[in-house]
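# Descriptive structure summary
Each chain, written out:
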Amino acid sequence: MAVPKPTGLPAGSPRKIRSLRAILFRFTLTPAIALALLLALVFALQQMEDRRQLLLSHGRASAEQLAELIELSGGQPLELRLEWLRRSLLALMLEKDMVRSVQIYSTEGEIDPETGLRLLASAGPRARAAVTAEDLHTQQPFIRETDRNLAVLYPLNGEDITCWIAIELHRPYFTVGTYQVMLAGLLGLIFCAPAALIWSAFLAERFAQRLSRIGDSLDELGQGRFTTRVARSQVRELDWLGKRVNKMAAGLADHRVDFETSLKQSMEDLKESLDSMEEQNVAMDLARKKAVEASRIKSAFLANTSHEIRTPLNGIIGFTNLLLKTDVNELQQDYLRTILRSSENLLTTINDILDFSRIESGNLVLDHIPMNLGQLLEETLQILAPFAYEHNLELVPLIDNQLPHTQIGDPLRIKQILTNLVGNAVRSSKNGNIPVHIGVQNVRESELVVQISVSDLGNRIDDRARREQRQLLENSAPAQGQQINSSNLGLAIARSLLDRMRGSIGFDDTNGAGSTLSVQIPLRLERNSTPPVREGFPHCRLLIADPNPMTRTQVAQLLAHWQVEPIELGDTATLEPAIEQMWRHDALPDAIIVDTGIANREFDPFIATVQQLVDTYQCRIILQGSPVELRRCYESLRTRVLSFLGKPVARDNLLRALRRTLPQQNQARVNGDSPPLPWPSTPRVLAVDDYEANRTLVAELLRTQGIEPVVAASGEEAIDLCHQQTFDLIFMDIQMPGMNGIEATSRIRKRETSGRTPIIALTAHAGSEEKARLLSAGLDDYMSKPVTEAQLTHTIKRWMNILVPQSSNGELLCDPHLVDIAESLSLSNNDAGLARDMLQMLIKGLVEDEQELHRLRSAGDHRGLFELIHRLHGGCCYCGVSRLREATRLLQEHLRPLQEQPESAIDAGKIEIVAREIRALREWASEQNLDALFGLQETTG
């Protein structure tokens, strides 16, 4: 039976696995052969030594016998003795077959000069090696052995030894015996090696069969037949191995029984668990559907709640702004501004609630509308000022004069960020100032980066809370379980909003000296804004009496910006002596700004001081202080003080106080309101809203822009009016009873025959994520309530300026729609990602295209201009930019026959139309979020 080859040798193993037969062959055959060789060698050496000793004993015996014969013949004549000696030597040779030759040497007589001896007699052949006198150096018999011969030298008896007998022996006799012994050993080895080989093969086969049977038993055990047992063996080791295998088989059989029992029980338990899980999955599915429905209901509730709150807020804020433009006294203005700030604070709270939910789900989309960042900061500080006054804190806005008047961004979210940062600083401070700096970090072609820094005193917060704030700002994740109005959650919302705006926030902590939160926000510049006329009061001097150096510095910087020379007075205790000294030297300032902080809560002496300044020195007084302190002094000083200036000091309020206090300067009155837009003919705009106050407000705001407003209370009425009249622009409310704004827009679009009228969505639903849906439904732009005058003016400027541009020959471009999202999706086979990418690629190259357009026009390169317009028109064909596509088509057809006519004149009007459309598209892109428009806003929830 063949021995199975071992398997499982590891790859790359340096050891070579051998079979049991090879191992047995090695350990049986090798020792046998080695022992045979050793014995043969020993026997050969022993035989050689025995033969040698035998030769020597024979030689010695022959020499002794011959010596005795010579002595017995000692009385005979010499000749007879020599003759007899020769016969004896010859007889010795014949008698001993091992003797080769015999010689007798004498040291006396005629000596051979070569050997030094005299040969007396010899028998047999000549010796192979002659004996010399030097060899006879002893008086005892000895054996002379050389490479050539083997001889026995024996001295003859006498007083003086003069004769030696040399018997040379046969070496072949010696070597033949040795060879015989070696041949006998070789024959023994030849017979013993096969015997050992056969025996080892027998043992190997026997062990292999037994091991193979054990291996077969192990294979059966491996296949699961645990009843297999190994038979008993007469070999103790194999029997021990078999017992271990049988014991293992018994253990595996018991384990299998236990495993099957446990498996059966587990299967039954699993079946019960699966049944229970199936029931739970059904319950969870029902719960998920209920949760989804609850979420939908919650979203609808939030949207409806937002609509219901924003709709009246739109009227409150709008009419309050309109009322502030009327002739009201300062106390009434203060009340109106309080109403306005409270309404805006309520609007910010609503946005916080809605935005927190959107930030968690990742559905927050930012607005891109015109705003005034400095005014946002001042409004935020005025809202938080009462909270700060409770802890004896002054909020001081410090605004860089390089900040543009209008920017494009999301004012509501930026106001949330400012509210959270300043609110956190107020909660961390007491008894001091909280400066808020706004500076211009970087300005590029159409984008600027502003930095807002808020510093707190840190004397109301411990180190642990400070570390938590730092960790929260670094991780940008609100802690679990925090209340929505907690400071940490407010910072987390601010950080999340900054991340969505691609901004950043830094935390600078100084041990024991408070900390500074620095925020960087990228904003875009508004191209349609007209810079306000900078007002100036040259040659005017104002004294600022304020014990607070930071607010005094803020007011001084504002006055210096308006060319007013500020005189700062920090030691208010010397106010009256200083005024008296100026009065005596006829150097009184044109006006004095007196802060209520001089009173130190003692208002009666303070009021008397102000009255004395007015009555005695005829000073023009601007009273500055918190609204609470101003109200305490109002009744007593309203006839003497020319203007009351609330803190925190806002630029517009200070400018208004200067105008009232310095009427003799006759400066051009420049307010923050937008002047009426210059129209060649009065435009007609339709305002559709179901809420009467909103209709009235929008109509009033449109009249201030020199526009004729037409109002409609429902979608049906709007459709009838559009059928009867032609409008230049339509403001459409989205949520209306009966026919909503989207359905009304769709019906208006179907009835259009003489061009496309821009329709602007006007909705109270908070959430710019609706913008993509509205634009896809046929609307052109989006405005969120409450509508401010600045937003309305910006929208009117943009859409009324790009309405139906005329070509050089008076023809109208057929489609005034700047960007059609639905057309872009249609051209890209409804692939929103591809449509967005194609539009981004077109917009990205518009700056270089416009520059190249003007360069080629100035160089008169007709061919290069045609190639540029042809390439631009090809790009427009893959995007929903119908206006730019039509303008490039007309210019391309105009340039086609002029390519080879460099002397021909190009229609400058067509080129100007293309350039104007490029600028309009760039401006539109700077204010939009393309991901939101195409429904690709990334979610993080």
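Residues numbered from 1 in each chain as written. Predicted model: local features only at pLDDT ≥ 70, side-chain atom pairs only at ≥ 80, totals over all residues. Heavy atoms only, no water.

### Points about the packing of aromatic side chains
The test is simple: Put simply, two rings from Phe, Tyr or Trp (the six-membered ring, in Trp's case) pair if the centres are within 6.5 Å, and we call them stacked under 30 degrees between planes, edge-to-face over 60, tilted for the rest. Numbering of helices and strands starts at the N terminus; helices are DSSP runs of H or I of at least 4 residues and strands are runs of E of at least 2. Type-normalised accessible area, obtained with a 1.4 Å probe on protein chains alone, sets the label of each residue: buried when under 20%, exposed when over 50%, and partly exposed for intermediate values.
One pass over the structure, following the stated rule, counts two aromatic pairs. Considering the side-chain rings of Trp-583 and Tyr-617, the 5.8 Å spacing of their centres and the 70 degrees angle between planes classify their relative orientation as edge-to-face. With a gap of 34 residues between them, Trp-583 in helix α11 (residues 575-584) and Tyr-617 in helix α12 (residues 603-617) connect regions that are remote in the sequence. Where Tyr-634 meets Phe-644, the ring centres are 5.2 Å apart and the plane angle is 50 degrees; that geometry is what we call tilted. Taken together, the residues Tyr-634 in helix α13 (residues 627-637) and Phe-644 in strand β17 (residues 643-646) connect sequence positions 10 residues apart. Phe-644 matches Tyr-634 in its accessibility class, with the two residues each being buried.

### Let's talk about the packing of helix α22 (residues 846-859) against helix α25 (residues 908-926)
Put simply, the test is: Helix axes are fitted to C-alpha atoms over the stretch in contact, other axes to C-alpha atoms as well, and angles between N-to-C directions run from 0 to 180 degrees. These descriptions rest on fixed angle ranges, namely under 35 degrees for roughly parallel, over 145 for roughly antiparallel, 65 to 115 for roughly perpendicular, and the rest for oblique. In this scheme the crossing of two helices becomes right-handed for a clockwise turn of the near helix relative to the far one and left-handed for an anticlockwise turn of less than a right angle. Contacts are assigned to residue pairs with any non-hydrogen atoms lying within 4.5 Å of each other. In this classification, Asp, Glu, Lys and Arg are treated as charged, Ala, Val, Leu, Ile, Met, Phe, Trp, Tyr, Cys and Pro as nonpolar, and every other residue, Gly included, as polar.
The contact between α22 and α25 brings their axes to 10 Å, and the two run at 160 degrees. With respect to each other, α22 and α25 are oriented roughly antiparallel. The two elements α22 and α25 meet at a crossing, and its hand is left-handed. Between α22, through Leu-846, Val-847, Glu-850, Leu-853, His-854 and Arg-857, and α25, the contact on the second element is made entirely by Ala-908, Ile-911, Glu-912, Val-914, Ala-915, Ile-918, Arg-919, Leu-921 and Arg-922. Taken together, the residues of the contact of α22 with α25 break down into nine nonpolar, one polar and five charged.

### Focus: the packing of α22 against helix α23 (residues 862-876)
Viewed as axis vectors pointing N to C, α22 and α23 meet at an angle of 155 degrees, and their least axial separation amounts to 9 Å. As the angle between them shows, α22 and α23 are arranged roughly antiparallel. Here α22 runs over α23; the crossing is left-handed. Where α22 abuts α23, its residues Leu-846, Asp-849, Glu-852, Leu-853 and Leu-856 lie against Gly-864, Leu-865, Leu-868, Ile-869, Arg-871 and Leu-872. Within the contact of α22 with α23, the residues separate by chemical class into seven nonpolar, one polar and three charged.

### Here we look at α13
Under the convention used in this document: Each C-beta atom gives one direction from the helix axis, and the arc is the one those directions make.
Within α13 the residues assigned to the buried category are Leu-630, Cys-633, Tyr-634 and Leu-637. Viewed end-on, α13 has its buried residues packed into an arc of 135 degrees, placing them on one side of the element. In this structure, α13 carries Val-628, Arg-632 and Glu-635 as exposed residues pointing more than 90 degrees from its buried face.

### Looking at the sheet that holds strand β4 (residues 150-155)
For clarity, the threshold we go by: By this definition, two strands are paired if DSSP reports at least two bridges between them.
Strand order in the open sheet made by the five strands is β2-β1-β5-β4-β3, with antiparallel pairing throughout. The sheet is open, and its two borders are formed by β2 (118-123) and β3 (142-145), each paired with just one other strand. Between one strand axis and the next, the sheet turns by 25 degrees as a mean value, whatever way the strands run. By the bridge criterion, six bridges tie β4 to strand β5 (residues 163-169) in an arrangement that is antiparallel. Residue pairing across strands places Val-152 opposite Ile-167, the latter belonging to β5.

### A short note on the environment of Asp-509
Tracing the backbone shows Asp-509 in strand β11 (residues 504-509). The class for Asp-509 is partly exposed, based on a relative accessible area of 29%. A sequence separation of 51 residues divides Asp-509 from Gly-458, and the C-alpha atoms of the two residues are 9.4 Å apart. Here Asp-509 is in contact with Arg-466, Arg-470, Gly-514 and Ser-515, once residues within four sequence places are set aside.

### Quick look at the sheet that holds β17
Adjacent strands of a sheet form backbone hydrogen bonds with each other and so pair up, either parallel or antiparallel. If you walk across this open sheet you meet the five strands as β14-β13-β15-β16-β17, and the pairing is parallel. Each edge of the open sheet carries a strand with a single partner, namely β14 (564-569) and β17. Adjacent strand axes in the sheet meet at a mean angle of 20 degrees when their direction is disregarded. Relative to β17, strand β16 (residues 621-625) runs parallel, the two being bridged by four bridges. Looking at β17, one finds that Leu-623 is bridged to Phe-644. Docked against the sheet, helix α10 (residues 549-561) engages β13 (540-545), β14, β15 (591-595) and β16, running at close to 165 degrees with respect to β14. The strands that α12 touches are β15 and β16; relative to β16, the one it contacts most, it runs at about 160 degrees.

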